[in-house]
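A structural walkthrough
These are the residues of each chain, in order.
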Amino acid sequence: MSVPAARRGTTTVSDKAVRRIAERAAREALPGRPVTASRVSAAVHGRRADVALGVSLPYPLPVAETAREVRRHVSERTRELTGLDVSLRRISVDTLTGPPGTTAADGMPPLPTPSVSAPRSEGGDRRAPRRRWSRRRVPTTAVLLMGTVSFGAVALDMIRVRITHRPAAAWRTGTLNWLTGHGPGDTQVVLAGGGLALLGLWLTVLAVTPGRRRLLTLSAPGTCLDAAADRSAVAASVRCAVADVPGIGPVDVRVRRRRLVVRAGLAFGDRDTAHDEVAAATRRVLGGWRPRHAPRVRIMVRTEPLWQPPRPEAEGPPPAPVTPAHTPGEEDEG
């Protein structure tokens, strides 16, 4: 009896192989533009592979559209080479890198940016969230460990008592005896109750607040992406654009959730003209980031100590000093 070829064996693609293929596919996503895959993880479940990717994208490029192109290429290329149903759940854009050979002295430092996440479904647009919510891993882990240790110790001691018929542990009986001898008015009980109340209030605040205040939600219509930008990255982009305005010296940019403040020093040139150009550069950068709720922009241009008002063009250049001609036969005085 012959066995069909499809049932003679099973081909298994390891997590490591999927990870290597996805990393190589990310480098090939943008022909002629460097894309570096810094963090790649993959998990194979049967015929399905879940991939998470961290990349460095070239600057200046639209973050949302570029991440979408990288996601599409990595998914298709990995699916083609492995034969698995690849789901690229998350793309994390770690940095924005400038052209080859640029350094921080050239005004092109790496700009840190947070994650750009793929949607849960492949089709249709999804409205970007108003705020980015933190997973609260540290508080959740702390509370979970406290509960596990406390209730686990009590449960283990009760099981030991039932199975071995031994008396309860000294720490459990001592705790019960202490509780029976102290009422609500005792100082220790009041302090313990106040500490638990503060802990409960802290956990409640964590549950009802987003927590990730440093992230600005970006709108990416038609890209099927959920994107956010770190405020420091937006501030660095605005700072670089404003510094390119003629006559502008030091620049300070502060990005808040609902307000963006630009303070620029004017070394030379007309103040009103510089103010308009700074405002235009700021709007141009914000238009590139496309925040879901555009912050109110406040521009402040101050003159530097050595600044002088520009001379009107009608006056022309200052006249050159006139030197009296020397007449022959006259003797110089002195």
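Our structure's up above, just so we're on the same page.
In this report, the structure presented in the accompanying data block is examined. For every chain, the first residue of the written sequence is number 1, and numbering continues from 1 along that sequence. The model is predicted, so local features are restricted to residues of pLDDT at least 70 and side-chain atom pairs to those at 80 or more, both for listing and for counting; the totals for chains, interfaces and linings are taken over all residues. Side-chain measures were taken over the full set of non-hydrogen atoms in the model, leaving aside hydrogen atoms and water.

So, on to a positive patch on the surface. Residues qualify for a patch when their relative accessible area is over 30% and they have no salt bridge, like charges being joined within 9 Å and the nonpolar side chains of Val, Leu, Ile, Met, Phe, Trp and Tyr within 5 Å. Residue exposure ignores everything except the shown protein chains as possible cover, and the areas themselves are Shrake-Rupley values with a 1.4 Å probe. We define a salt bridge as a side-chain nitrogen of Lys or Arg found within 4 Å of a carboxyl oxygen belonging to Asp or Glu. Counted as positive: Lys and Arg. Counted as negative: Asp and Glu, with His and the chain ends omitted from the count. For this purpose, a charge sits on NZ of Lys, CZ of Arg, CG of Asp or CD of Glu. Together, Arg 256, Arg 258, Arg 259, Arg 296 and Arg 298 make up a positively charged patch on the protein surface. As for its position among the elements, Arg 258 is in the loop between strand E8 (248-255) and strand E9 (259-266). Here a strand is any run of E in DSSP of at least two residues, a helix any run of H or I of at least four, and the numbering for each starts at the N terminus.

In this fold, Pro 167 is placed in the loop between helix H3 (137-164) and helix H4 (170-180). Considered as a pair, Pro 167 and Asp 157 are ten residues apart in the sequence and their alpha carbons are 9.4 Å apart.

By this definition, two strands are paired if DSSP reports at least two bridges between them. Taken in spatial order, the three strands line up as E8-E9-E10 in an open sheet, and their pairing is mixed. Because the sheet does not close on itself, it has two edges, and the strands there are E8 and strand E10 (296-303). Along the sheet, successive strands turn relative to each other by an average axial angle of 15 degrees, direction set aside. Where E8 lies against E9, six bridges are found, and the strand directions are antiparallel. If you follow Arg 254 over to E9, its bridge partner there is Val 261. Should any heavy atoms of two residues lie within 4.5 Å, those residues are considered in contact. Axes, fitted as lines to C-alpha atoms, cover a helix only where it is in contact. Angles between the N-to-C directions of the axes lie from 0 to 180 degrees. Running at roughly 160 degrees to E8, helix H6 (residues 231-243) makes contact with E8 and E9 of the sheet.

So, about the pairing of strand E3 (residues 85-97). Two elements, strand E2 (residues 48-58) and E3, share eleven bridges in a ladder whose sense is parallel. Within the sheet, the bridge partner assigned to Pro 58 lies in E3 and is Thr 97. Handedness of a crossover: with both strands directed away from the viewer, a clockwise path from the first strand across the helix to the second marks it as right-handed. In this fold, the crossover linking E2 to E3 by way of helix H2 (residues 63-82) has right-handed handedness.

By the definition in use, this model includes eleven salt bridges. A salt bridge links Arg 72 to Glu 76, with the nearest nitrogen and oxygen atoms 2.9 Å apart. On the criterion of helical spacing, the pair formed by Arg 72 and Glu 76 is a turn pair, its members being four residues apart in helix H2. Only protein chains enter the accessibility calculation, which uses a 1.4 Å probe. A residue is then buried if its area is under 20% of the maximum for its type, exposed if over 50%, and partly exposed in between. For Arg 72, a relative accessible area of 36% puts it in the partly exposed group. Among the charged side chains, a salt-bridge network with shared partners connects Arg 24, Glu 28, Arg 77 and Glu 80.

Here H6 contains 13 residues, and its C-alpha end-to-end distance of 18 Å stays within 8% of the 18 Å for a straight helix at 1.5 Å per residue. Burial in H6 covers these residues: Arg 231, Ala 233, Val 234, Ala 235, Ala 236, Ser 237, Val 238, Ala 241 and Val 242. By this rule, a helix spans an expected 1.5 Å times one less than how many residues it contains.

As for its placement among the helices and strands, Glu 304 is situated in the segment after E10. On the basis of relative accessible area, Glu 304 is assigned to the partly exposed category, the value being 23%. Along the primary structure Glu 304 and Leu 266 are separated by 38 residues, whereas in three dimensions their C-alpha atoms are 5.6 Å apart.

Attention now goes to a negative patch on the surface. On the surface, a cluster of negative charge is contributed by Asp 270, Asp 272, Asp 276 and Glu 277. Its place among the elements puts Asp 272 in helix H7 (residues 271-289).

Further remarks concern H3. In a regular helix each residue adds 1.5 Å, so 28 residues correspond to 40 Å; H3 covers 39 Å between its end C-alpha atoms and thus fits that length. Immediately beyond the C-terminal end of H3, within one or two residues, lies His 165, with a positive phi of roughly 55 degrees.

Our focus in this paragraph is the packing of H6 against H7. Contact pair H6 / H7: the axes reach a minimum separation of 9 Å and the direction vectors enclose 140 degrees. The orientation of H6 with respect to H7, classified from their angle, is oblique. For the element pair H6 and H7, the recorded crossing hand is right-handed. Along the contact surface, H6 presents Ala 233, Val 234, Ser 237, Val 238, Ala 241 and Val 242, while H7 presents Val 278, Ala 281, Thr 282, Val 285, Leu 286 and Trp 289. Here is the rule for angles: anything less than 35 degrees is roughly parallel, anything more than 145 is roughly antiparallel, 65 through 115 is roughly perpendicular, and the remaining ranges are oblique. For a crossing to be left-handed, the near helix must be turned anticlockwise from the far one by less than a right angle; the clockwise case is right-handed.

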